[in-house]
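Listed here are the chains, written in short residue letters.
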Amino acid sequence: MIRKLRVHAADLRGVNRLTIAGVSGVVDLVEAIHHQIAVLPRMIARPRQHRTTGISRLVYRSIRGVVGLVGHGLEGVLSRFAPLSGERSTWPGREASLAALNGVLGDYLDATSNPLAITMRLRRGGIALPCEREALAAAIPQAGGKLVVLLHGLCMNDLRWKRNGHDHGAALARELAYTPVYLHYNSGLHISANGRAFAEHLEALVCHWPASLTEVVLIGHSMGGLVARSACHYGALARHEWVRRLDKLIFLGAPHHGAPLERAGNWVDILLGANAYTAPLARVGKVRSAGITDLRFGNLVDEDWNAGDRFARTGDRRVPVPLPQGVACFAIAATTGKTADHLSGRVPGDGIVPLASSLGRHANPRLDLPFDESRRWVAHGTNHLDLLDRPEVYARIRGWLAPSARPSAR
């Protein structure tokens, strides 16, 4: 039996824009390589960004013109079908595909107003929550006084909190009477941009929560932990009410001091750009979002990135952002090492984030995050995504949030 798929017209328009931009980008790349070969520069030289001249330039300009005309024509046709596509229509894997695309190109999608760009929302079951108190009460009739907000990581979405049948938020609702709410955001934007926006969303949620709040908890996986820390920073500057109400903050594999995979990408950019013939190919390496480059060192605020080229080779210039005062903060890290004995040698991380980064440890005292040792825990034989569903990880979270746990100092 053939299964019919309902596809968003806005998705088709977004894909059309990306395709046209991609073809135009390939034309630019080919022209740049053509130029570099034509002028025969020295193999090691500072690359110059020049276009071809004469007939070659006319050819490339003609190709770009045709591509643009085709793109605009398709855009006009597809836009007519937008009203026919309901918000709830979807195709299998749409949410996951959009999340991955936004993680890699989210800043570009946002800057070009592409329909594929994810707009930040607080959601439950994949459905955006309203901001008004009465509407919230109708959307969450069982809303209680204990609120937990879960923040996903890079290239993921709020639905990915459910893995192998387990969801930390749903389990906390069943066992400890928390009401879970999930953040859905464009992980390709700068972490500081997402942090500031999340602070605003959380302020609205807390101010309009339909029940009397007794506890507010944030749980961030991977990049989500950095977004939570950034939100605490900007929320405090804005004197938000939710910051005063925040009780506990739990990090799952958060790259507090960056991840080496992004740094490796930065070195690829540098090595390709150093050779005049391969310099045009460095553009391909730079097709990674602001969110990804923020993970080089764990940028949290605008000052960490707005002073220069985010692809340039630089040291760690972050502005120290301490853990929020008066909030009990907990860090769970993962290691692929099977037992504690494995830690006698070089400590492996979770495959993406080094152990020290997840635990907030740094050689520079200004950047080191002083978690209480009783609030640091390492999951052995666990990779980065396993943190979402391992029973022992949930048991640790539950133990920290159980009513018998020692309350945070205020």
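Read on for an overview of the structure. (Residues numbered from 1 in each chain as written. Predicted model: local features only at pLDDT ≥ 70, side-chain atom pairs only at ≥ 80, totals over all residues. Heavy atoms only, no water.)

**Re the overall build of the protein**
Along the protein, the regular secondary structure elements total 13 helices and ten strands. A burial count over the protein gives 48% of its 410 residues as buried. Considering only contacts within the protein whose residues lie at least 6 apart along the sequence, 78% involve residues at least 24 apart. (Helix = DSSP H or I, 4+ residues; strand = E, 2+ residues; numbered from the N terminus. Buried < 20%, exposed > 50% of the residue type's maximum accessible area, 1.4 Å probe, protein only. Contact = heavy atoms within 4.5 Å.)

**Points about the environment of Pro320**
By the secondary structure assignment, Pro320 is in the loop between α11 (290-294) and β9 (328-335). For Pro320, a relative accessible area of 29% corresponds to the partly exposed category. Between the C-alpha atoms of Pro320 and Leu300, which are 20 residues apart in sequence, the distance is 9.0 Å. When sequence neighbours within four positions are dropped, the list of residues in contact with Pro320 reads Arg366 and Leu367.

**Things to note about helix α7 (residues 223-237)**
Taking 1.5 Å per residue as the helical rise, α7 with its 15 residues ought to reach 21 Å, and the 21 Å between its terminal C-alpha atoms agrees with that figure. The buried fraction of α7 is high, at twelve of 15 residues. All of the buried residues along α7 are Met223, Gly224, Gly225, Leu226, Val227, Ala228, Arg229, Ser230, Ala231, Cys232, Tyr234 and Gly235. Where α7 is buried, its residues meet β3 (146-151), α6 (191-207), β7 (215-221), α8 (241-245), β8 (246-252) and α11. Looking one or two residues past α7, Arg239 carries a phi angle of roughly 55°, positive in sign. (Expected span 1.5 Å × (residues − 1).)

**As for the sheet that holds β3**
Where strands meet in a sheet, backbone hydrogen bonds hold them as pairs that are either parallel or antiparallel. The sheet built from eight strands is open, its strands ordered β2-β1-β6-β3-β7-β8-β9-β10 with mixed pairing. This sheet does not close on itself; its edge strands, each paired only once, are β2 (127-128) and β10 (376-380). Where β3 and strand β6 (residues 179-184) come together, five bridges link them in parallel fashion. Each bridged residue has a counterpart across the sheet, and for Leu151 the counterpart in β6 is Leu183. Across the sheet, α7 lies against β3, β7 and β8, angled at about 135° from β7, the strand it touches most. (Pairing = 2+ DSSP bridges. Axes fitted to C-alpha atoms, helices over the stretch in contact; angles between N-to-C directions.)

**Comments concerning the environment of Arg361**
Along the polypeptide, Arg361 turns up in the loop between α12 (355-358) and β10. Its relative accessible area of 38% is what places Arg361 among the partly exposed residues. Put simply, Arg361 and His257 are 104 residues apart on the chain and 8.0 Å apart in space, counted from C-alpha to C-alpha. Those residues in contact with Arg361 that lie beyond four places of it in its chain are His257, Ala356, Asp368, Glu373 and Arg376.

**A word on the side chain of His190**
Residue placement: His190 occurs in the loop between β6 and α6. Classification of His190 as buried rests on a relative accessible area of 13%. At a separation of 3.0 Å, a polar atom in the side chain of His190 contacts the side chain of Asp294. Other than its neighbours up to four places away in sequence, His190 contacts Ala290, Gly291, Asp294, Trp305 and Arg310. (Polar contact = N/O pair within 3.5 Å; in protein donor to acceptor, adjacent residues only side chain to side chain.)

**Details of the pattern of salt bridges**
Scanning the model with the defined rule gives 13 salt bridges in all. Notably, a salt bridge pairs Arg163 with Asp386, separated by 3.1 Å at the nearest N-O pair. Placement of Arg163 in strand β4 (residues 162-163) and of Asp386 in the loop between β10 and α13 (391-401) is noted, with a sequence separation of 223 residues between them. The partner of Arg398 in a salt bridge is Glu175, and the shortest N-O contact between them spans 2.6 Å. Of this pair, Arg398 sits in helix α13 while Glu175 sits in helix α5 (residues 168-176), placing them 223 residues apart in sequence. Through salt bridges with shared partners, a single network forms among Arg163, Asp386, Asp389, Arg390 and Glu392. (Salt bridge = Lys/Arg side-chain N within 4 Å of Asp/Glu carboxyl O.)

**Concerning unusual backbone geometry**
At Ala177, a position not held by glycine, the phi torsion is positive, near 65°. With respect to the helices and strands, the residue Ala177 is situated in the loop between α5 and β6. On the basis of relative accessible area, Ala177 is assigned to the exposed category, the value being 52%. In this structure, Arg239 takes a positive phi of about 55° despite not being glycine. On the secondary structure map, Arg239 appears in the loop between α7 and α8. Judged by relative accessible area, which is 77%, Arg239 ranks as exposed.

**Regarding α13**
Listed in full, the buried residues belonging to α13 are Val393, Tyr394, Ile397, Trp400 and Leu401. One face of α13 carries all of its buried residues, which in axial projection span an arc of 125°. For α13, the elements touching its buried residues are β5 (166-167), α5, β7, β8, β9 and β10. (Arc of directions from axis to C-beta.)

**A few points about the packing of α5 against α13**
Running from amino to carboxyl end, α5 crosses α13 at an angle of 45°, the nearest separation of the two axes being 11 Å. Accordingly, the angle class assigned to the pair α5 and α13 is oblique. Our pair here, α5 against α13, has a crossing hand that is right-handed. Only Val393, Tyr394, Ile397, Arg398 and Leu401 of α13 make contact with α5, whose side of the interface consists of His168, Ala171, Leu172, Glu175 and Leu176. (Parallel < 35°, antiparallel > 145°, perpendicular 65-115°, else oblique. Left-handed = near helix turned anticlockwise from the far one by under 90°.)

**A closer look at the packing of aromatic side chains**
Summed over the entire model, instances satisfying the criterion amount to two aromatic pairs. Ring centres of Phe251 and Phe371 lie 5.9 Å apart, and the angle between their planes is 85°; on these two criteria the pair is classed as edge-to-face. Of this pair, Phe251 sits in strand β8 while Phe371 sits in the loop between α12 and β10; the two residues are 120 residues apart in sequence, bridging distant segments of the chain. Taking the relative accessible area as the measure of exposure, Phe251 reaches 0% and is therefore buried. Positioned over the ring face of Tyr178 is Lys146, at 4.3 Å from the centre of the ring. (Phe/Tyr/Trp six-rings, centres within 6.5 Å; stacked < 30°, edge-to-face > 60°. Lys NZ or Arg CZ within 6 Å of the ring centre and 35° of its normal.)

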